[in-house]
Amino acid sequence: MASKRPTSTTPDQRGAGDELHQGVKRGERLTTATGTPLGDGQNSLKVGDRGPTLLEDFAFRDKMFHFDHERIPERVVHARGYSAHGTLECLEAIPDLTRAAPFQRKGQETEAFVRFSTVAGNLGSPDLARDVRGFAVKMYTDEGNWDLVGNNIPVFFIQDATKFPDLVHAVKEEQDRGWPQAQSAHDTFWDFVSLMPESTHMLLWQMSDRTIPRSFRFMEGFGVHTYRFVNADGDDTFVKFHWKPRQGLQSVVWNEALKINGADPDFHRRDLYAAIDSGDLPQWDLGVQVFDEAFADEFDFDVLDSTKLIPEEVLPVRVIARLTLDRVVDNMFAENEQVAFGTHNVIPGIDFTNDPLLQGRNFSYLDTQLKRLGSTNFTQLPVNAPRCPVRHFQRDGHMQTDPQLGRGNYEPNSLSGDDRGPRADVVHGYQSVVRQEQGPTRRLRAESFADHYSQARQFFISQTDVEQQHIVNAFGFELSKVEDPRIRTRVLANLLNVHDDLASGIATVLGVPLPAASEAAVPTRTDLPESAALSIQLNGPESFAGRKLGVLVTHGSDKALVQAVATAFEGAGAVVEYVAPAIGPVKLKGGGTITPHHAIDGGPSVLFDAVALLPSAEGAADLAGRASAQDFVSDAFAHFKLIGTGPAAAPLVSEAGVEPDDGFAHLGSADDADAFLQLCGSLRFWDRDIRA
Ligand code: HEM
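Residues numbered from 1 in each chain as written. Predicted model: local features only at pLDDT ≥ 70, side-chain atom pairs only at ≥ 80, totals over all residues. Heavy atoms only, no water.

Topic: the packing of helix α12 (residues 485-495) against helix α13 (residues 500-510)
How we decide: For helices, the fitted line uses only the C-alpha atoms of the stretch in contact; every axis is such a line through C-alpha atoms, and the angle between N-to-C directions lies from 0 to 180 degrees. Strands are runs of DSSP state E lasting at least two residues, helices are runs of H or I lasting at least four, and both sets are numbered from the N terminus onward. Orientation labels follow simple angle bins: below 35 degrees gives roughly parallel, above 145 gives roughly antiparallel, 65 to 115 gives roughly perpendicular, and whatever is left gives oblique. Handedness of a crossing follows from how the near helix is turned relative to the far one, being left-handed for an anticlockwise turn of less than a right angle and right-handed for a clockwise one. Two residues qualify as a contact provided that any one of their heavy atoms is within 4.5 Å of a heavy atom in the partner residue. As a working rule, the residues Ala, Val, Leu, Ile, Met, Phe, Trp, Tyr, Cys and Pro are called nonpolar, Asp, Glu, Lys and Arg charged, and the rest polar, with Gly in that last group.
Two numbers describe how α12 lies on α13: the axes approach to 8 Å, and their chain directions differ by 155°. Judged by the inter-axis angle, α12 sits roughly antiparallel to α13. Considering the relative orientation of α12 and α13, their crossing is left-handed. Together, R488, L492 and L495 of α12 and L502, A503, I506, A507 and L510 of α13 make up the contact between the two elements. A class-by-class count of the residues in the contact of α12 with α13 yields seven nonpolar, no polar and one charged.

Quick look at the structure:
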């Protein structure tokens, strides 16, 4: 006999969480995936009050079925990433060089989507791993989607795509033990690269502070390969693409990176989200190095070799457009995870070269995306769908969402639509550049790819003293994690071909003797000049705009001083966050309260670009005895940060074991705030880096 059906509100509703909620009482109706409204979303269908669950419970099965299949394979590389929407604005029309749609008219705007990423770590790995950053840009042009799938480093580890699986296997966690996660500091990576001298130039970049950027906003992007521009007449030129952050370049230091990973593993994604959300929109200039066959023939290296760059001093970067990111993602899965970039996604006006790495990439992306996204129809997902009309005869397939009307599903046909289906357009459609290719089919690396050390040396000598020391230390750190000493020796032997100071510096850090240099295929050139464009420190912003100041406050902190510092920094486009002994409101001397953003135990100074210590005398005495407060000061000091000290901060500074230097600014009164702001414009006080 059927029991009585519950009414909309049952007596079982009680407790703040509706623990025994049995009916719909407010809001939109909850349904199954097929739209059936549910009467209960909290309990499965059981026999009796405490009996077994019934297989008949379609609502339970509907929900659990979908949950069980929520995960899709993560990207085989670049799994960890974060995205934003934006716009590319053309600053200079270049129809003489290319018919690519975004560059035909000054002021023209093209919708864009960008995904930044690390390479080696899995989806849940920390943001501040020492790793190359992906910088992938999808541009939804009037003539199809153009993807510029780049990195924040202008060269790559290998010259031929067939080595890519080996490279990735070597850097990912080791197969017999499952670690380390998101790190190159282990035997298999260094074993591989020590046997592949072509990786040396990239290794120098990887061991530089480029691979521990302070923010996605403060790093460059590069297309890496030589591509082609093609104009409406079919004339082509070579082109290399550069993204230059208008915020300037900035990285953190290694010890800081390690601590950020603990304090906030989402540091980079949080930073990008917060900046865009607050209206501080990050921008990059898109620049090009355009050159012809004659330049390529005369250039020191092969322009098809992705382990080489063209120094900006040799061929200046010409800015043609500006990218602004202005919208965070609404849903990480729908956008960040389902977006599919590929070097093969080009538009009329953009073409490939014979770079053997690029040629291989053109195969790999589409291939992997079928596996990752599960259907050939992933181009219909909103984040991947072109914004221009799409007409073709690709039909059916898993998860087809286009009704694909009409009779004719072949080309040519006279039955679809207006009695004439879509046809290729010989005048306006994509035409590959006509190239003459000939020669014997062979598996061979051209002699023009043989110089593995000269540009590595050029990179090293182009760094400031501090940057060179950071490179030496990074090699030292990574190689100290290598267990097999033969691998370390091979790396040092290769690096002796780059620069004596580099190899001997690393040997000193490691405390091992220098081996003999390895035999190089061609001698290292010592005549390549320094290139200032390769340094981060020489390309800083000289401004604190877009950076973050951490202000340490306690009960009794001086209101006028705190306000003056906040007003100066916020007025200069910086973010100010307060750190206090506890998260509750802090009472200021002079009236009023501040609600801190962080309690001191969860707000270490590694989260900030500079710090101001503005405690009251009582507060300073209390903090001086707390390890987290001591670390706050000593870490800021050790990471070469600028430090402002209020009138009562001295006991805390001294208890932290820190001796104030010229990187300190005394904040005796509100009048000193501007001077501190000016000092912070240099971002770090590198003179403190005594090892340099
Ligand atoms: C032969 C060399 C390479 C191969 C075979 C290769 C292959 C791949 C594959 C299979 C993915 C995952 C794609 C996905 O699941 O959607 C990927 C992602 C990516 N690759 Fe490469 N890659 C190569 C070299 C490079 C180089 C030289 C760059 C930079 C210029 C680069 C930049 C990226 C970026 C940025 C992503 C992430 C795209 C995203 O955010 O979804 N790759 N690559």
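Topic: the coordination of the iron atom of the ligand
Note the cut-off: Distances up to 2.8 Å from the metal define which N, O and S atoms are donors, and 3.2 Å serves for Na, K and Ca; water is absent from the atom set, so sites may look incomplete.
Just one protein ligand coordinates the iron atom of the ligand, and it is Y365 (OH) at 2.0 Å. Mapped onto the elements, Y365 comes out in helix α9 (residues 356-373).

Remarks on the site of the ligand
Selection criterion: One heavy atom suffices: a residue is near a molecule or strand as soon as one of its heavy atoms comes within 4 Å of it. As used in this structure description, the phrase polar contact means that two N or O atoms lie within 3.5 Å; if the pair is within protein, one of them must be able to donate a hydrogen and the other to accept it, and residues adjacent in sequence are counted only when both atoms belong to side chains.
Neighbouring the ligand are 23 residues, the closest being R75, R115, R361, Y365 and R372. Here Y365 contributes a side-chain N or O atom positioned 2.7 Å from a nitrogen atom of the ligand. In the environment of the ligand, an oxygen atom lies 2.7 Å from a nitrogen or oxygen atom belonging to the side chain of R372. Looking at the shell around the ligand, the elements that each hand over two or more residues are β3 (133-141), β4 (144-151) and α9.

A word on the confidence of the model for the chain
As a reminder, the rule being used: The pLDDT value expresses, per residue, how confident the predictor is, ranging between 0 and 100.
The pLDDT averaged across the chain works out to 95; a share of 95% of its residues lies at or above 70. Counting contacts from residues 6-12, a segment whose pLDDT is below 50, to residues more than four positions away or on other chains yields seven contacts. Taken together, the chains of this predicted complex give a pTM of 0.96 and an interface ipTM of 0.95.

Things to note about α9
As a reminder of what qualifies: By definition here, a helix of n residues has an expected span of 1.5 Å times n minus one. Burial here depends on accessible area, computed with a 1.4 Å probe over protein chains only, as a share of the maximum for the residue type. Under 20% is buried, over 50% is exposed, and the range in between is partly exposed.
An ideal rise of 1.5 Å per residue puts 26 Å on 18 residues; α9 measures up with 26 Å between its terminal C-alpha atoms. Looking at α9, one finds that the buried residues are L357, L358, R361, N362, Q369, R372 and L373. Against β4, β6 (227-230) and α8 (332-337) lie the buried residues of α9. Two residues or fewer after α9 comes G374, characterised by a positive phi angle close to 85°.

Quick word on the environment of Q159
Relative to the helices and strands, Q159 resides in the loop between β4 and α2 (164-171). Separated by 375 residues in the primary sequence, Q159 and L534 have C-alpha atoms spaced 21 Å apart. The residues contacting Q159, other than those within four sequence positions of it, are E198, D305, T307, K308, D355, P356, L357, R445, F449 and H452. Among the polar contacts listed, one links the side chain of Q159 to the side chain of T307, at a separation of 3.5 Å. In terms of polar contacts, Q159 uses its side chain to reach the backbone carbonyl oxygen of F449, at 2.9 Å.

Section: the environment of D62
Note on placement: D62 falls in helix α1 (residues 58-68). Linking D62 and D662, residues 600 residues apart in sequence, is a C-alpha distance of 65 Å. Other than its neighbours up to four places away in sequence, D62 contacts T32 and A33.

So, the pattern of salt bridges
Opposite charge on two side chains permits pairing when their charged atoms draw close. The line we're drawing: Here, a salt bridge means any Lys or Arg side-chain nitrogen found within 4 Å of an Asp or Glu carboxyl oxygen.
If you walk through the whole model with that rule in mind, you get 36 salt bridges. In this structure, D236 and R228 form a salt bridge, with 2.7 Å as the shortest nitrogen-oxygen distance. Classification of D236 as partly exposed rests on a relative accessible area of 32%. Residue class for R228 comes out buried when judged on its relative accessible area of 8%. Connected through salt bridges with shared partners, the residues R214, R217, D271, D280 and D609 form a single ionic network.

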